[in-house]
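Residues per chain, in single letters:
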Amino acid sequence: MQEIRNRAAAIRLAIFDVDGVLTDGSLYLGDDGQEYKAFNARDGHGMVMLRESGVTLAVITGRSSRVVTMRMKGLGVNHVYQGQHDKLAAYLELRERLGVEDAAVAYLGDDVIDLPVMRQVGLAAAVADAHPMVRAEAHWHTTAHGGRGAAREFCELIMDAQGTLARLAGQRP
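What counts, and at which threshold
Residues numbered from 1 in each chain as written. Predicted model: local features only at pLDDT ≥ 70, side-chain atom pairs only at ≥ 80, totals over all residues. Heavy atoms only, no water. Salt bridge = Lys/Arg side-chain N within 4 Å of Asp/Glu carboxyl O. Helix = DSSP H or I, 4+ residues; strand = E, 2+ residues; numbered from the N terminus. Buried < 20%, exposed > 50% of the residue type's maximum accessible area, 1.4 Å probe, protein only. 1 Å grid on protein atoms, 1.4 Å probe; cavity = no way out; pocket = protein on both sides within 12 Å on 5 of 7 lines; lining within 4 Å. Points joined across faces, edges and corners; volume = space filled by probe spheres on them. Nonpolar A, V, L, I, M, F, W, Y, C, P; charged D, E, K, R; others polar. Pairing = 2+ DSSP bridges. Contact = heavy atoms within 4.5 Å. Axes fitted to C-alpha atoms, helices over the stretch in contact; angles between N-to-C directions.

### Points about the pattern of salt bridges
Across all of its chains, the model carries twelve salt bridges by this definition. Measuring nitrogen to oxygen at the nearest pair gives 3.1 Å for the salt bridge that ties R7 to E3. Of this pair, R7 and E3 both sit in helix α1 (residues 2-9), four residues apart, which is roughly one turn of that helix. Of the charged contacts in the structure, one is a salt bridge between K87 and D17, with a shortest N-O distance of 2.9 Å. A residue pair is termed long-range when its members are at least 10 positions apart, and K87 in helix α4 (residues 87-98) and D17 in the loop between β1 (13-16) and β2 (28-29) qualify at 70 residues. When sorted by exposure, K87 lands in the same class as D17, which is buried. What you see here is one network of salt bridges that share partners, running through D19, E35, K37 and R63.

### Re empty space enclosed by the protein
Considering all chains together, one arrives at one cavity of 30 Å³ or more under this definition. Of the voids in this model, the largest cavity is the one considered here, and its volume is about 40 Å³. In terms of lining, the largest cavity is formed by L22, F39, N40, D43, G44, M47, R71, M72 and L75. Sorting the residues of the lining of the largest cavity by element identifies α2 (41-52) and α3 (66-75) as the ones contributing at least two each. The class makeup of the residues in the lining of the largest cavity is five nonpolar, two polar and two charged.

### Structural notes on the environment of N78
Inspection of the secondary structure puts N78 in the loop between α3 and β5 (79-81). Linking N78 and L57, residues 21 residues apart in sequence, is a C-alpha distance of 7.2 Å.

### Structural notes on the sheet that holds strand β8 (residues 140-141)
On the basis of which strands lie adjacent, the open sheet formed by six strands has the order β5-β4-β1-β6-β7-β8 and parallel pairing. Strand pairing shows two members of the sheet lacking a second neighbour, β5 and β8, which therefore form its edges. Summarising the sheet, β1 and strand β4 (residues 56-60) pair through four bridges and their orientation is parallel. Residue A14 lies in a different strand from β4, and its bridge partner there is L57. Of the strands in this sheet, β1, β4, β5 and β6 (105-109) are in contact with α4, which crosses β5 at around 160 degrees.

In C-alpha cells form, the structure reads like this:
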C-alpha cells in the first residue's frame, strides 16, 4: 500500500470516466430520447474536496450527454471530454495542454476502453465492479462499485496521501 500512497501523493490531475465510474453504468432513456443518469452526491462532494485541495479534475467519456455537461459544471470540473472513442488521444491532448507528466496523473476507469489511458498514468485505479481485465491492470481498485462511492474513495486516497483530507473533510461544497 505504501507504493500506492507514494503514487497518490504525486497526483496533480485526476481523470474520471463517467458511465460505470461516476454512475452505476445504467442508461435511462425517456420516450422523448432524453438521457438520464444518476450520480452519487458523496462522489461529487469528494470531487469538490479534491479540486479544492489543488488537484485539477477532468472527465474523459466515450458517450456525449448534456446531463454530464451540467453535472461537471456544477462540480467545477473544467476539462470535460465527451464522445471520446479514443480516450488516449484525448488524454494526450489534455496532458499537453496542462503541462503535466504521466506520473502526476491518476485515472479512474471501469472498462477496456479505459486501458490505454490507464497504462500511461502514474496511478491507474479501477472501480470494484470493473471489467476483470481493467482490475488486473490497475495499480489500485476501490471497494465500492461505480456510482456507489468509488469516486469518493479514489478522491480520498489521493487527499489522504497528500495530507489534505483531514483539513477538507469538514468543508461543504
